[in-house]
Amino acid sequence: MNTDLIIIGSGPGGYRAAEHAARNGLQVAIIERAEVGGTCLNRGCIPTKAYARNAEIMDIMADAEAFGLGCLNYSFDFAKAAERKDGVVGTLRSGVETLLSAPGITLVRGEAVFKDAHTVTAGGEEYTAPNIIIATGSVPKMLPIEGIDDASMVWTSDRMLAATELPRRVCIVGAGVIGMEFACILNSFGCEVTVVEFLKECLPALDSDVAKRLRKAIEKRGVAFFMQSAVQAVGDGTVTFDRKGKQTTVETDCVLMAVGRTPATAGLNLEAAGVAYGPKGIITDDNLLTNVPGIYAIGDVNGRQMLAHAATMQGLKVVDSILGRTEGIRLDVMPAAIFTHPEAACVGLSEDACKALGTACRTAKANYRSNGKALAMGEAEGMVKMLADESGKIIGCHAYGAHSADLVQEVSALMCRDTTAAELAAMTHIHPTLSEMVQECAEQLARA
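Since we're looking at a predicted model, the values are computed, not measured.

How each quantity is defined
Residues numbered from 1 in each chain as written. Predicted model: local features only at pLDDT ≥ 70, side-chain atom pairs only at ≥ 80, totals over all residues. Heavy atoms only, no water. 1 Å grid on protein atoms, 1.4 Å probe; cavity = no way out; pocket = protein on both sides within 12 Å on 5 of 7 lines; lining within 4 Å. Points joined across faces, edges and corners; volume = space filled by probe spheres on them. Helix = DSSP H or I, 4+ residues; strand = E, 2+ residues; numbered from the N terminus. Nonpolar A, V, L, I, M, F, W, Y, C, P; charged D, E, K, R; others polar. Pairing = 2+ DSSP bridges. Axes fitted to C-alpha atoms, helices over the stretch in contact; angles between N-to-C directions. Buried < 20%, exposed > 50% of the residue type's maximum accessible area, 1.4 Å probe, protein only. Contact = heavy atoms within 4.5 Å.

Q: Looking at this model, I keep getting lost on the layout of surface pockets. Mind explaining?
A: The rolling of a water-molecule-sized probe over the atoms marks out the regions of remaining empty space. Of the volumes computed, that of the second largest pocket is approximately 750 Å³. Taken together, 29 residues make up the lining of the second largest pocket; nearest its centre are E56, H341, P342, E379 and A402. Of all the secondary-structure elements, those providing two or more residues to the lining of the second largest pocket are α3 (45-62), α6 (177-188) and α7 (208-220). The dominant element in the lining of the second largest pocket, judged by the number of residues it contributes, is α3, at seven residues. Among the residues forming the lining of the second largest pocket, the class breakdown is 13 nonpolar, six polar and ten charged.

Q: I'm lost on the sheet that holds strand β15 (residues 246-251) in this one. Help?
A: Taken in spatial order, the three strands line up as β13-β14-β15 in an open sheet, and their pairing is antiparallel. Edge positions in the open sheet fall to β13 (229-235) and β15, since each of these has one partner strand only. Sheet twist, expressed as the average angle between the axes of neighbouring strands with direction ignored, equals 25°. By the bridge criterion, six bridges tie strand β14 (residues 238-243) to β15 in an arrangement that is antiparallel.

Q: Quick question: what am I supposed to make of unusual backbone geometry here?
A: Leave glycine aside and you will find that most residues have negative phi; peptide bonds, for their part, are mostly trans. Of note, the amide linkage connecting H341 to P342 takes the cis form, showing an omega dihedral of 0°. Mapped onto the elements of the fold, P342 is located in the loop between β21 (336-338) and β22 (344-348). Cis geometry marks the peptide bond from H431 to P432, where omega comes out at -5°. Mapped onto the secondary structure, P432 falls in the loop between α13 (421-425) and α14 (436-447). A positive phi angle, near 55°, is found at C71, a position not held by glycine. Counting through the fold element by element, C71 comes out in the loop between α3 and α4 (78-99). In this structure, K244 takes a positive phi of about 55° despite not being glycine. As for its position among the elements, K244 is in the loop between β14 and β15. Under the relative-accessibility criterion, K244 is labelled exposed at 63%.

Q: What's the story with the sheet that holds strand β20 (residues 295-297) in this structure? I'm lost.
A: The pairing of strands in a sheet comes from backbone hydrogen bonds and takes either a parallel or an antiparallel form. Strand order in the open sheet formed by five strands is β3-β2-β1-β7-β20, with parallel pairing between adjacent strands. Edge strands, defined here as strands with exactly one partner in the open sheet, are β3 (105-109) and β20. In this sheet, adjacent strand axes meet at a mean angle of 20° when their direction is disregarded. Here helix α1 (residues 12-23) sits on the sheet in contact with β1 (5-8), β2 (28-32), β3 and β7 (131-134), set at roughly 165° to β2.

Shown next, in the form of structure tokens:
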């Protein structure tokens with residue numbers, strides 16, 4: 001089959017690129033070996049957010065007395081929570097399948113293997129196109145430590161999301177996004193949670209000032225943290241790690257490996273196409289083009305920004321490039337959210353990054369405890385931190401607290417238009433809202 005565009009992988013990057021291409025007149029063949037929707041929909045963003053909502057409701061119930069609701073009795077049925085999670089995933093997966101049945105799109109079920117730079121085989125058929133997008137995503141990363149192959153004890157995020165019963169005690173290795181989200185969810189679900197992290201602080205993409213406050217808030221909820229700790233072995237119901245030269249052991253029923261993800265390149269036969277890749281993924285330029293003309297790589301598989309929405313925007317940018325459109329989408333401004341409790345979010349540079357780069361910056365902070373809407377909501381824990389360069393242009397925003405992702409999203413949109421702090425300060429914000437903290441930070445920076 002000859003077509004205009006072949007897309008390998010139907011995650012957020014792949015299916016949105018297919019839709020965009022077909023809407024603009026291209027004939028698209030999109031190849032998928034498993035469920036449509038990719039990791040995000042089936043084993044990542046969506047199922048974890050479904051559980052995060054369960055956890056949020058349970059936390060609200062636990063604090064109900066503060067809102068005048070007493071003598072509440074309830075029990076948690078994990079099986080029903082899992083059933084709800086699967087229902088959400090199923091509904092969205094059906095929507096993606098409908099999208100991929102649109103005119104101009106051919107959904108191919110099978111394993112994609114390159115035959116040459118313009119030909120891919122899948123399901124016993126050959127598909128040829130002048131342009132190919134690789135969007136195969138990533139798989140959970142595992143540490144090379146003693147006992148790592150003990151399947152009865154060592155779990156990945158995939159297995160945790162597929163579990164039908166909750167372990168009583170969980171040791172999470174890794175305090176990145178996956179580890180921190182699961183720590184909060186499992187803690188709310190009643191599990192005893194311990195987090196072991198090699199780095200000095202959790203969530204390295206977050207400004208350390210914000211990350212430390214967030215970790216302390218989660219500690220108050222009952223999650224135990226061991227930072228600057230290197231895991232040495234797992235087995236016999238224990239995790240052994242070195243913490244500042246001292247060997248420490250914690251008992252656990254299962255170990256959740258949350259040390260990141262690895263680009264999924266196995267089985268593609270990239271060598272046949274001549275595509276260059278390494279341990280961090282397929283190598284691309286800033287336009288997502290590989291070393292082979294006409295072959296692009298988007299999303300987790302290129303290792304640039306392992307975020308579902310980054311994959312989406314990269315895919316749209318590639319299709320625009322194929323169509324001859326070169327302006328519009330900015331990939332240098334990429335917001336991210338962590339759905340812990342409280343949640344956190346960031347965009348742009350942190351103060352730590354500015355110091356490392358030697359970039360002069362000014363900072364401003366606004367606290368949730370001083371915001372009327374936050375206090376009325378019973379959400380006094382949190383902070384917004386904004387950064388501007390010497391010219392006053394906003395270059396970053398980091399926050400933790402209720403709806404912090406929404407606050408950072410506002411700043412992200414303005415950063416895409418190179419907005420200054422003074423310009424943001426002059427924009428009217430509704431009172432009372434949490435977004436007034438964004439304006440408050442801008443006002444501080446404008447006065448500095």
